[in-house]
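The lines below spell out each chain.
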Amino acid sequence: NFMLTQPHSVSESPGKTVTISCTGSSGSIASNYVQWYQQRPGSAPTTVIYGDNQRPSGVPDRFSGSIDSSSNSASLTISGLKTEDEAHYYCQSYDSSNVVFGGGTKLTVL
Amino acid sequence: EVQLVESGGGLVQPGGSLRLSCAASGFTFSTYDMHWVRQATGKGLEWVAGVRTAGEANYPGSVKGRFTISRENAKNSLYLQMNSLRAGDTAVYYCVRWGYLSFLDVWGQGTTVTVSS
């Protein structure tokens, strides 16, 4: 079964840049789009990146996504970190008709 | 306003059954694929089931044969029939729309299922 692996946690200071990785277990992560969801405590997830590198309306351009085929991984980069960015982030793709989530990364901004 | 409202969660004994419902409003329900995603307390997101506009359903191995997703387009409603429930099924269950841009773009507020004796 296709799996997505994320670091359990990352931390960085306000104003800095952080990158969260999402590595595919097999095949090519570039074969299907990767999405990134942000989830704050007590709330449902919201999309910050879709289609590998597209931002939904309302998501600031501090958020960007990319794919690295050589490492079979996707990345979410957040620049100019704000304390409000502190949340869990989940990558998501698909395998055949099945939706697959990464395990999630807790971003701490301190 | 585009909205998804889940209902039907509650406390059920191991081996029991529960049926979740999701009422959709503010969009043409019949033209969207729909999914259920769950999240156990303190854990990550887990995809539970998906149904296409034409009714084709898909499940992960963890629930296949126990859960059934269905939709009733005339009532703008999505359902999840859960049988043979286990403690590991305890979670908040979200009803989620798969948008035209191919991502999970609208989430409900979730309904809590607790499987315990």
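For the structure given in this document, a descriptive report is provided here. Quick caveat: nothing in here was measured; it's all calculated off a predicted structure. (Residues numbered from 1 in each chain as written. Chains lettered and ligands numbered in written order. Predicted model: local features only at pLDDT ≥ 70, side-chain atom pairs only at ≥ 80, totals over all residues. Heavy atoms only, no water.)

Section: the nonpolar core
Where a protein is soluble and globular, its nonpolar side chains tend to be buried together. Of all hydrophobic cores here, the largest spans 28 residues; its most connected members are B:W36, B:L78, B:L80, B:M82 and B:Y93. Mapped by element, the contributors of at least two residues to this core are β3 (18–25), β4 (33–39), β5 (45–51), β7 (67–72), β8 (77–82), β9 (91–98) and β11 (111–115) of chain B. Residue contributions to this core peak at four residues, all from β3(B). Contacts of B:L80, omitting those with residues within four sequence positions, involve B:L18, B:R19, B:L20, B:W36, B:V48, B:A49, B:F67, B:T68, B:I69 and B:Y93. Grouped together as the second largest cluster of nonpolar side chains are 23 residues, A:C22, A:V48, A:L81 and A:Y89 included. (Core = buried A, V, L, I, M, F, W, Y, C linked by side-chain atoms within 4.5 Å. Buried < 20%, exposed > 50% of the residue type's maximum accessible area, 1.4 Å probe, protein only. Helix = DSSP H or I, 4+ residues; strand = E, 2+ residues; numbered from the N terminus. Contact = heavy atoms within 4.5 Å.)

Side note on the state of the cysteines
Such a bond, covalent and formed between the sulfur atoms of two cysteines, is termed a disulfide. Residues and elements named next belong to chain A. Scanning the model with the defined rule gives two disulfides over all chains in all. Disulfide pairing is shown between C22 and C91; the S-S distance is 2.1 Å. Of note, the bridge from C22 to C91 carries an S-S torsion of about 75° and is right-handed in sense. With C22 in strand β3 (residues 18–24) and C91 in strand β8 (residues 87–95), the pair connects residues that are 69 residues apart, well separated along the chain. Classification of C22 by relative accessible area gives buried; the value is 0%. (Disulfide = S-S within 2.5 Å.)

Remarks on the interface of chain A and chain B
Counting from both sides, the interface comprises 17 residues of chain A and, opposite them, 20 residues of chain B. Of all residues in chain A, the largest losses of buried area upon contact with chain B belong to A:S97, A:V99 and A:F101, amounting jointly to 33% of the total for that side. Taken together, chain A and chain B are joined by zero salt bridges. At the junction of chain A and chain B, the tally comes to five residue pairs in polar contact (both at pLDDT 80 or more). Those elements that provide at least two residues to the side of chain A that touches chain B are β4 (35–39), β8 and β9 (98–101) of chain A. By residue class, the composition of the side of chain A that touches chain B is nine nonpolar, eight polar and no charged. (Buried area = accessible area lost by both parts, 1.4 Å probe. Salt bridge = Lys/Arg side-chain N within 4 Å of Asp/Glu carboxyl O. Polar contact = N/O pair within 3.5 Å; in protein donor to acceptor, adjacent residues only side chain to side chain. Nonpolar A, V, L, I, M, F, W, Y, C, P; charged D, E, K, R; others polar.)

Let's talk about the layout of surface pockets
In this model, the largest pocket occupies a volume close to 570 Å³. Lining the largest pocket we find 32 residues, and of these A:Q39, B:Q39, B:A40, B:G42 and B:K43 sit closest to its centre. Listed by contribution, the elements that provide at least two residues to the lining of the largest pocket are β8 and β10 (105–109) of chain A together with β9 and β11 of chain B. Here the lining of the largest pocket is composed, by residue class, of ten nonpolar, 19 polar and three charged. Of the volumes computed, that of the second largest pocket is approximately 450 Å³. Lining of the second largest pocket is provided by 18 residues; of these, A:F2, A:V99, A:V100, A:F101 and B:P60 occupy positions nearest its centre. Breaking the lining of the second largest pocket down by element, the ones donating at least two residues are β9 of chain A together with β5 of chain B. Residue contributions to the lining of the second largest pocket peak at four residues, all from β9(A). Partitioning the lining of the second largest pocket into residue classes produces nine nonpolar, seven polar and two charged. (1 Å grid on protein atoms, 1.4 Å probe; cavity = no way out; pocket = protein on both sides within 12 Å on 5 of 7 lines; lining within 4 Å. Points joined across faces, edges and corners; volume = space filled by probe spheres on them.)

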